[in-house]
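The residues making up each chain are set out below.
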Amino acid sequence: MKKLGEITKKILEFFLSLKDDDWVEWKATANDWQDNCDKFHECYFIVKQMPKYPQHSNCRCLLKKISKPVPNITANATCDFQKFAGYVFSDKYRDGKKEIFESWGYTIEDSAYLQKLYTAQAIEKYCNGEYEYVGTNNYSAKISIEIVLENKNGKKQLIKTIWSVGKKGEITLITPYSGHKY
Ligand SMILES: [Zn+2]
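Attention in this report is confined to the structure presented alongside it. Position numbers for residues start from 1 in each chain and track the written sequence from start to end. Predicted model: local features are reported for residues with pLDDT of at least 70 only, side-chain atom pairs are reported and counted for 80 or more only, and whole-chain, interface and lining totals are derived from all residues. For side-chain calculations, the full set of non-hydrogen atoms in the structure is used, while hydrogens and water are omitted.

**A closer look at unusual backbone geometry**
Thought 1: Omega for the peptide link from tyrosine 53 to proline 54 comes to -10 degrees, which places this bond in the cis form.
Thought 2: Among the secondary structure elements, proline 54 is positioned in the loop between β2 (44-46) and β3 (62-66). Only DSSP runs of H or I with at least four residues qualify as helices, and only runs of E with at least two residues qualify as strands; both kinds are numbered from the N terminus onward.

**Looking at helix α4 (residues 111-127)**
Each turn of an α-helix holds 3.6 residues, which means side chains three or four residues apart point in the same direction.
Thought 1: With 17 residues, α4 should cover 24 Å at 1.5 Å per step; its first-to-last C-alpha distance of 24 Å lies within 8% of that length.
Thought 2: Note on exposure labels: buried denotes an accessible area under 20% of the residue type's maximum, exposed denotes more than 50%, and partly exposed covers the range between, all computed with a 1.4 Å probe on protein chains only. Residues of α4 that are buried: Ser111, Leu114, Leu117, Tyr118, Thr119, Gln121, Ala122, Ile123, Lys125, Tyr126 and Cys127.
Thought 3: Looking one or two places after α4, you find glycine 129, whose phi comes out positive at around 75 degrees. Here the expected span of a helix is defined as 1.5 Å times the quantity of residues minus one.

**Regarding the packing of aromatic side chains**
Thought 1: The aromatic pairing rule takes the rings of Phe, Tyr and Trp, using the six-membered ring of Trp, and pairs them if the centres are within 6.5 Å, calling planes under 30 degrees apart stacked, those over 60 edge-to-face and the rest tilted. As enumerated under the stated definition, the model contains 16 aromatic pairs in all.
Thought 2: With a centroid separation of 6.4 Å and 50 degrees between ring planes, the pair formed by tryptophan 23 and tyrosine 131 is classed as tilted. A residue pair is termed long-range when its members are at least 10 positions apart, and tryptophan 23 in strand β1 (residues 23-27) and tyrosine 131 in the loop between α4 and β5 (132-136) qualify at 108 residues.
Thought 3: Under the relative-accessibility criterion, tryptophan 23 is labelled buried at 2%.
Thought 4: Through a chain of ring-to-ring contacts, the aromatic side chains of Phe15, Trp26, Phe40, Phe45, Tyr53 and Tyr133 assemble into a single cluster.
Thought 5: Counting as a charge over the ring demands two things of the Lys NZ or Arg CZ atom: a distance within 6 Å of the ring centre and an angle within 35 degrees of the ring normal. The positively charged end of lysine 152 is found above the aromatic ring belonging to tyrosine 106, 4.7 Å away from the centroid.

**Observations concerning the pattern of salt bridges**
Thought 1: We count a salt bridge whenever a side-chain nitrogen from Lys or Arg sits within 4 Å of a carboxyl oxygen from Asp or Glu. The final tally for this structure, using the stated rule, is nine salt bridges.
Thought 2: We note a salt bridge from aspartate 22 to lysine 65, for which the minimum N-O separation is 3.8 Å. One end of the pair, aspartate 22, is in the loop between α1 (2-17) and β1; the other, lysine 65, is in strand β3, with 43 residues separating them in the sequence.
Thought 3: Its relative accessible area of 16% is what places aspartate 22 among the buried residues.
Thought 4: Salt-bridge contacts for glutamate 146 lead to lysine 181; the nearest nitrogen and oxygen are separated by 3.3 Å. With a gap of 35 residues between them, glutamate 146 in strand β6 (residues 141-150) and lysine 181 in strand β9 (residues 180-181) connect regions that are remote in the sequence.
Thought 5: Look at lysine 181 and you get partly exposed, because its relative accessible area is 44%.
Thought 6: Taken together, the shared-partner salt bridges in this structure form one network comprising Glu25, Lys27 and Lys168.

**Here we look at the nonpolar core**
For soluble globular proteins, nonpolar side chains are generally found buried alongside one another.
Thought 1: Put simply, buried Ala, Val, Leu, Ile, Met, Phe, Trp, Tyr and Cys residues joined by side-chain atoms within 4.5 Å make one nonpolar core. Counting 47 residues, the largest nonpolar core has Phe45, Phe101, Tyr118, Tyr126 and Trp163 as the members making the most contacts within it.
Thought 2: Where this core is concerned, the elements lending two or more residues are β1, β2, β3, α2 (82-88), α4, β6, β7 (156-165) and β8 (170-175).
Thought 3: At seven residues, the largest contribution of residues to this core is made by α4.
Thought 4: For every domain, the bounds stem from an assignment made automatically or drawn from a database. Of the domains in this structure, domain 1 (2-66) and domain 2 (76-181) are the two that each give at least three residues to this core.

**Some words on the side chain of aspartate 110**
Thought 1: Along the polypeptide, aspartate 110 turns up in the loop between α3 (97-103) and α4.
Thought 2: Residue contacts are counted whenever heavy atoms from the two residues lie within 4.5 Å of one another. Excluding anything up to four places from it in sequence, aspartate 110 contacts Gly105 and Lys152.

**With respect to the environment of tyrosine 44**
Thought 1: Assignment of secondary structure puts tyrosine 44 in strand β2.
Thought 2: Residue classification places tyrosine 44 among the buried positions, given a relative accessible area of 12%.
Thought 3: Sequence-wise, tyrosine 44 and glycine 179 are 135 residues apart; in three dimensions their C-alpha atoms are separated by 26 Å.
Thought 4: Sequence-distant contacts of tyrosine 44, defined by excluding residues within four places in its chain, comprise Trp23, Val24, Glu25, Ile66, Pro69, Thr74, Tyr126, Val165, Lys168 and Gly169.

Shape is all these values report; function is a separate question.
In structure tokens:
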């Protein structure tokens, strides 16, 4: 048991040596625990916005220090066109999203523009650590990113969006609008 204790101590010392702005890759070890560890496997996080580590008392996850991800080189954002054309601007969901975007001067015709704008801003912000870790869903870690959208009158809105964190720097849009400021 002494050996195991020494290993644990080394891992904790490494973790404590990390700075807030360092980046890590999460390495989970398959186990039978009903935990979230597997969801973080091979995901990149900035230390100041990462899941709780260790996750639980028998957590066997390891962290590997990596260099800051580079947009569109070592990290990528994916945003489905249908998140706008088939969801925000759809008449199927009477939840007010369409009216909000339309009040800013955007219509279904702008879906491709919004898809491009979200993708470009999100990957820059993720790689700069300008995101907030907000927990998990059934499959993955979730982060929130603020997207700046200028409405057709030139006024800027700050939109809260939710993304899932995939392996090796992949983030994917889940929620294109979960509130806005201004
Ligand atoms: Zn773990």
